Amino acid sequence: MFQSHDHHVKDNVCLTRSPYRNGKKLRAVKVYTIAQESKYLLIQNIPSIAGVVEQLLPYFNQYGNIEQYWRLDGYIRKDSTQDDEFFDTILIKFIQIQQARNAKCHLDDMNFMGSILHICYAPECESLDDLREKLNERRTIVQRKSEMNNYAKRKKSTMNTIRQNTPKKQCKIVYKQSTLIPKNDSISCPTNTIESPSLKSFERTKNEIRSKMREIVQKSNLIPIVLQQDIKKRKRLQI
């Protein structure tokens, strides 16, 4: 007979956690240690209906292959607020522990046939081989992450040394006098200039704009004379 433990009981949601650590969903436990995690998942509050377990297993198969599952008959919870006769409990074993993590994260507190499922880890079901495999996997993950962190630090330090050793090139591009400034005004420009195709095209477009502006100014000077002649003609016609 499978015994009930304290960590099988669903805890209340933590309301005193800092806002930046709450996340999108309020939870009772935010982080589990490697000792608390397991390939074994205990699923509670399943409606006691014929064939309901076969309908529930495809939800868990989405996150990984299930190695084996057991129906726990006569399982009594410590917080038995409801009638346990109308609810079943099953124990699922995944092939990898990461699959069990994903299934618990996404399917916990899911509404299944009008009942809210409660999923928790069951590390007490692990054998010595399962425990050894879990610890070795955790050790490799920590080692890989530490190597990645050290590589990033070494890369950053090498980039900083390269930047410090390379001389800074003081290169300035000087443009000629703008069209908005009169020709008589003198502008003090540095002697070191760089000629490039972009500067040549800039000079070409600048000269075109200057010629068009001169034409517009010449036409604008003729407009007041034409207006005065039209006004004199209108006065004569009125008389």
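Read on for an overview of the structure. (Residues numbered from 1 in each chain as written. Predicted model: local features only at pLDDT ≥ 70, side-chain atom pairs only at ≥ 80, totals over all residues. Heavy atoms only, no water.)

Observations regarding the sheet that holds strand 1 (residues 40-47)
We count it as follows: Whether two strands pair depends on DSSP finding at least two bridges between them. Every helix listed is a DSSP run of H or I at least four residues long, and every strand listed is a run of E at least two residues long, numbered separately from the N terminus. Only the contacting stretch of a helix is used when fitting its axis, a line to C-alpha atoms as for every element, and angles between N-to-C directions run 0 to 180 degrees. By the convention used here, residues are in contact when the closest approach between their heavy atoms is within 4.5 Å.
An order of 2-3-1-6 is seen for the four strands of this open sheet, with the pairing classed as antiparallel. Strand pairing shows two members of the sheet lacking a second neighbour, strand 2 (66-71) and strand 6 (118-121), which therefore form its edges. Mean inter-strand twist for the sheet, computed between neighbouring axes without regard to direction, equals 20 degrees. Two strands pair when backbone bridges link them, and strand 1 and strand 6 are joined in this way by four bridges, in the antiparallel orientation. Considered in strand 6, the bridge of I43 is made with I119. Against the sheet, helix 3 (residues 97-107) engages strand 1, strand 3 (87-94) and strand 6, with an angle of about 150 degrees to strand 6.

Brief notes about the pattern of salt bridges
Here is the rule: Each reported salt bridge corresponds to a side-chain nitrogen of Lys or Arg within 4 Å of a carboxyl oxygen of Asp or Glu. To sort residues, take the accessible area from a 1.4 Å probe on protein chains only and compare it with the maximum for the residue type: under 20% means buried, over 50% means exposed, and anything in between is partly exposed.
Counting across every chain of the model gives ten salt bridges. Between E37 and R101 there is a salt bridge, and its shortest N-O distance comes to 2.8 Å. Here E37 is found in the loop between helix 1 (19-22) and strand 1, whereas its partner R101 is found in helix 3, with 64 residues between them in sequence. Linking K93 and D130 is a salt bridge whose minimum nitrogen-to-oxygen distance equals 3.9 Å. You can see K93 sitting in strand 3 and its partner D130 sitting in helix 4 (residues 128-165), a full 37 residues away along the chain. Taking the relative accessible area as the measure of exposure, K93 reaches 11% and is therefore buried. Via salt bridges that share partners, E67, K93 and D130 belong to a single interconnected network.

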